[in-house]
Amino acid sequence: GRELTAVNSTPAPDQPRASSGAVKAMGLTLGAITREAEEARHLRQALSEGERVLTLDPAVIDQSFVSDRMGDGEEDADFLALVESIRAGGQQSPILVRPHPKDAGRYETAYGHRRLRASRKLGIKVKAIVRQLSDDELVLAQGKENAERRNLSFIERALFAEALLLRGFDRKVVGEALSVDKTELSRLLQVAEAVPERLARLIGPAPKAGRNRWMALAEFLSSEGARVRAIDEATNEACRAADSDTRFAMVLARLQSRVKPEPVKPEELKDDAGRVYARLKRGKTMRIEFAAGTDDAFFEEIAALVAERFRAREGA
């Protein structure tokens, strides 16, 4: 059968600290070191509340039924630092799972997706708290974890909010899961509705873009033509090779650029012999440009004729 082993409920003594040189060698960021202390706090809290921490095979654990992040993020520096941290000192904070509601013997992740992926990458079992959770409780735990540990980017939160609504969660639960008020939730959903999901995923999380810039992008996408141009930009080779924030900037710049209308070509006025004696330019104002060499007497005659025709029109 599948292995399911209880872990000693007494917190393990702190692991020896690596030297500063070793830390640099492992490439651990200050954020990763801070995370280790936070993970240890989570573990102590879980144990103090009487939770049982088990070791599970990652192969029997599925992701949450609703995704809150774009892509696996396995290549980002923070994830690689997490892998090295677990490799060096073990997993300090358990993930939270629930028994799978449809598949006996399997589990579904509430939070700790990155720790689960790190365990898979290292080929080790993962420490987990198994708790009976309703769907509402699972997404609330998932949202709480993200709020405390690594904030989602604006577009990730927008897509997460939309996905929860589409699965039938009411707005109150969605707002609580994301720790946002009604106004901010409306902004998130406005962007999720305006930005095609394919475009959002082509751009990626764009963590530096922020709410205002995503809302600006959403406003540019009101027409089908704009959406086509945005997808065209996001799929070109240069954009695909760039990082997520740069991809966002490239798409926004493409939509912000005004396509200048081609100037209307002047209409040529020709005599019976086919020679061009003037050009008529139409637009907000009408203009007739006579060919070079036209004598002054002709201009005076034309001016008098125009004045005569104008007076006749006014008197009609």
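Preceding this section is the structure that the text describes.
Predicted model, so just to flag it, every value in this text is computed and none were measured.

Student: What is the right way to look at the overall build of the protein in this model?
Tutor: The number of helices and strands found in the protein is 14 helices and nine strands. Sorting the 316 residues of the protein into buried and exposed places 37% on the buried side. Residue pairs at least 24 apart in sequence account for 71% of intrachain contacts in the protein once pairs closer than 6 positions are excluded. As displayed, the protein has an accessible area near 19,200 Å², and 50% of this comes from carbon and sulfur atoms.

Student: It is not clear to me how the environment of Gln142 should be interpreted in this structure. Could you clarify?
Tutor: Within the secondary structure, Gln142 sits in helix α5 (residues 135–148). Distance from Gln142 to Thr109, taken between C-alpha atoms, is 8.5 Å for residues 33 residues apart in sequence.

Student: Honestly, helix α11 (residues 224–235) in this entry has me stumped. Any pointers?
Tutor: It helps to recall that an α-helix has 3.6 residues per turn; residues three or four apart then point in one direction. Helix length check: α11 (twelve residues) gives 17 Å between terminal C-alpha atoms against 16 Å at 1.5 Å per residue, within 8%. Here α11 has its buried residues at Ala226, Ala230, Ile231, Glu233 and Ala234. All buried residues of α11 project into a common sector of 160 degrees when viewed along the axis, lining one side. Residues of α11 that are buried sit in contact with α9 (197–203), α10 (210–220), α12 (237–241) and α13 (244–256).

Student: In this structure, what is going on with the pattern of salt bridges? I would like to understand it.
Tutor: When charged atoms on two side chains of opposite charge get close, those side chains can pair. Inspection of every chain in the model, using the stated rule, returns 19 salt bridges. With its nearest N and O atoms 4.0 Å apart, the salt bridge here joins Asp103 to Arg106. For Arg106, a relative accessible area of 17% translates into the label buried. Note that Glu184 and Arg157 form a salt bridge whose closest N and O atoms lie 4.0 Å from each other. Here Arg157 lies in helix α6 (residues 154–166) and Glu184 lies in helix α8 (residues 182–194), a separation of 27 residues in the sequence. For Glu184, a relative accessible area of 11% gives the class buried. Linked through salt bridges whose partners overlap, the residues forming this network are Arg157, Glu184, Arg187 and Arg211.

Student: What am I meant to see in α10 here?
Tutor: Within α10, burial applies to Trp214, Met215, Leu217 and Ala218. For α10, the arc enclosing every buried residue in end-on projection is 160 degrees, short of the 170-degree limit, so these residues lie on one face. Projecting away from the buried face of α10 at angles above 90 degrees are the exposed residues Asn212 and Glu219. Of the surrounding secondary structure, the elements contacted by the buried residues of α10 are α6, α8, α9 and α13.

Student: Could you clarify how one ought to interpret the sheet that holds strand β8 (residues 276–281) in this entry?
Tutor: Hydrogen bonds along the backbone pair up the strands of a sheet, which may run parallel or antiparallel. Reading across the sheet, the three strands line up as β7-β8-β9 and stay open at both edges, with antiparallel pairing between neighbours. The sheet terminates laterally at β7 (267–270) and β9 (287–290), the two strands that pair on one side only. Adjacent strand axes in the sheet meet at a mean angle of 25 degrees when their direction is disregarded. Relative to β8, β7 is paired through four bridges, and the arrangement is antiparallel. Bridging across to β8, Glu267 finds its partner in Leu280.

Student: Just to check I follow, could you spell out the pairing of β8 for this structure?
Tutor: Where β7 folds back on β8, the antiparallel hairpin that results is connected by five residues, among which Gly274 adopts a positive phi of roughly 85 degrees. Where β8 folds back on β9, the antiparallel hairpin that results is connected by five residues.

Conventions we followed
- Residues numbered from 1 in each chain as written.
- Predicted model: local features only at pLDDT ≥ 70, side-chain atom pairs only at ≥ 80, totals over all residues.
- Heavy atoms only, no water.
- Helix = DSSP H or I, 4+ residues; strand = E, 2+ residues; numbered from the N terminus.
- Buried < 20%, exposed > 50% of the residue type's maximum accessible area, 1.4 Å probe, protein only.
- Contact = heavy atoms within 4.5 Å.
- Areas by Shrake-Rupley, 256 points an atom, 1.4 Å probe, with all protein chains shown as cover.
- Expected span 1.5 Å × (residues − 1).
- Arc of directions from axis to C-beta.
- Salt bridge = Lys/Arg side-chain N within 4 Å of Asp/Glu carboxyl O.
- Pairing = 2+ DSSP bridges.
- Axes fitted to C-alpha atoms, helices over the stretch in contact; angles between N-to-C directions.

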